[in-house]
Structures are given as structure tokens and as C-alpha cells.
Amino acid sequence: MPSIKIRFHCNICKKTISLEITDEFQANFKAVADRYPYPIVVHHAGHYAMVYLDESFKERGTVVSKIAIEEK
Ligand SMILES: [Zn+2]
């Protein structure tokens with residue numbers, strides 16, 4: 001599989017974020033996703049983006065948050 005870039009706009013830092021995704025990531029995404037668009041969580045610059053990707057790794061919507069919590 002060729003190398004692919006994901007692009008999304010982050011409303012918190014007001015930047016367009018570009019991520020290069022590896023063959024391994026692409027294979028894992030296809031194996032795990034049971035529907036499309038399927039969300040991935042991107043942790044960057046101290047906050048989070050949930051980026052929905054379609055089968056072609058095109059961004060189909062993004063939600064951003066400064067808050068995450070882990071169950072204990
Ligand atoms: Zn951001």
C-alpha cells in the first residue's frame with residue numbers, strides 16, 4: 001500500500017494537522033474498522049482529536065477535546 005497522509009483541521013489550535021500513516025497502520029485500520037467512517041483518536045499538542053476516516057483514509061469529520069479520562 002502506498003504511503004498516505006491524513007489531514008484534518010483542529011479547532012483548538014486552529015491548525016491543519018497532517019499525519020503520515022504507515023502501511024502497518026493502514027492494514028490495522030482495515031482489520032479493525034467494522035463500519036465507515038471509523039474514528040481514530042489523535043493526541044497532539046496536549047489535546048485530542050477524534051478523526052473519522054473512510055475506506056480511502058479521507059477525513060469525514062473531526063471532533064476535538066481538551067479533556068480525556070481513563071477508567072480506574
Ligand atoms: Zn490541535
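Residues numbered from 1 in each chain as written. Predicted model: local features only at pLDDT ≥ 70, side-chain atom pairs only at ≥ 80, totals over all residues.

K.L.:
Explain the nonpolar core to me, using residue names and the numbers behind them.
P.N.:
Listed in full, the five residues of the largest apolar core are Phe8, Ile40, Ala49, Val51 and Leu53. A total of three residues in this core trace back to one element, the largest contributor, which is strand 4 (residues 47-53). Beyond its immediate sequence surroundings of up to four residues, Ala49 is in contact with Phe8, Cys10, Val42, His44, Thr62 and Val64. (Core = buried A, V, L, I, M, F, W, Y, C linked by C-beta atoms within 7 Å. Buried ≥ 20, exposed ≤ 12 C-beta atoms within 10 Å, placed from the backbone. Helix = DSSP H or I, 4+ residues; strand = E, 2+ residues; numbered from the N terminus. Contact = placed C-beta atoms within 7 Å.)

K.L.:
Quick one: what's the story with unusual backbone geometry, residue by residue and with numbers?
P.N.:
Cis rather than trans, the peptide bond between Tyr36 and Pro37 has omega equal to -5 degrees. Its location among the elements puts Pro37 in the loop between helix 1 (23-32) and strand 3 (38-44). Non-glycine residue Phe57 carries a positive phi angle of around 65 degrees. Tracing the backbone shows Phe57 in the loop between strand 4 and strand 5 (59-65). Take Phe57: there are 17 C-beta atoms within 10 Å of it, and that puts it in the partly exposed class.

K.L.:
Account for the sheet that holds strand 4, naming residues and giving values.
P.N.:
Strand order across the open sheet formed by three strands is 3-4-5, with antiparallel pairing between neighbours. The outermost strands of the open sheet, each flanked by one partner alone, are strand 3 and strand 5. Averaged over all adjacent pairs, the angle separating strand axes in this sheet is 20 degrees, with direction ignored. Alignment of strand 3 against strand 4, held across seven bridges, turns out to be antiparallel. For His44, the partnering residue across the bridge sits in strand 4 and is His47. (Pairing = 2+ DSSP bridges. Axes fitted to C-alpha atoms, helices over the stretch in contact; angles between N-to-C directions.)

Shape is all these values report; function is a separate question.
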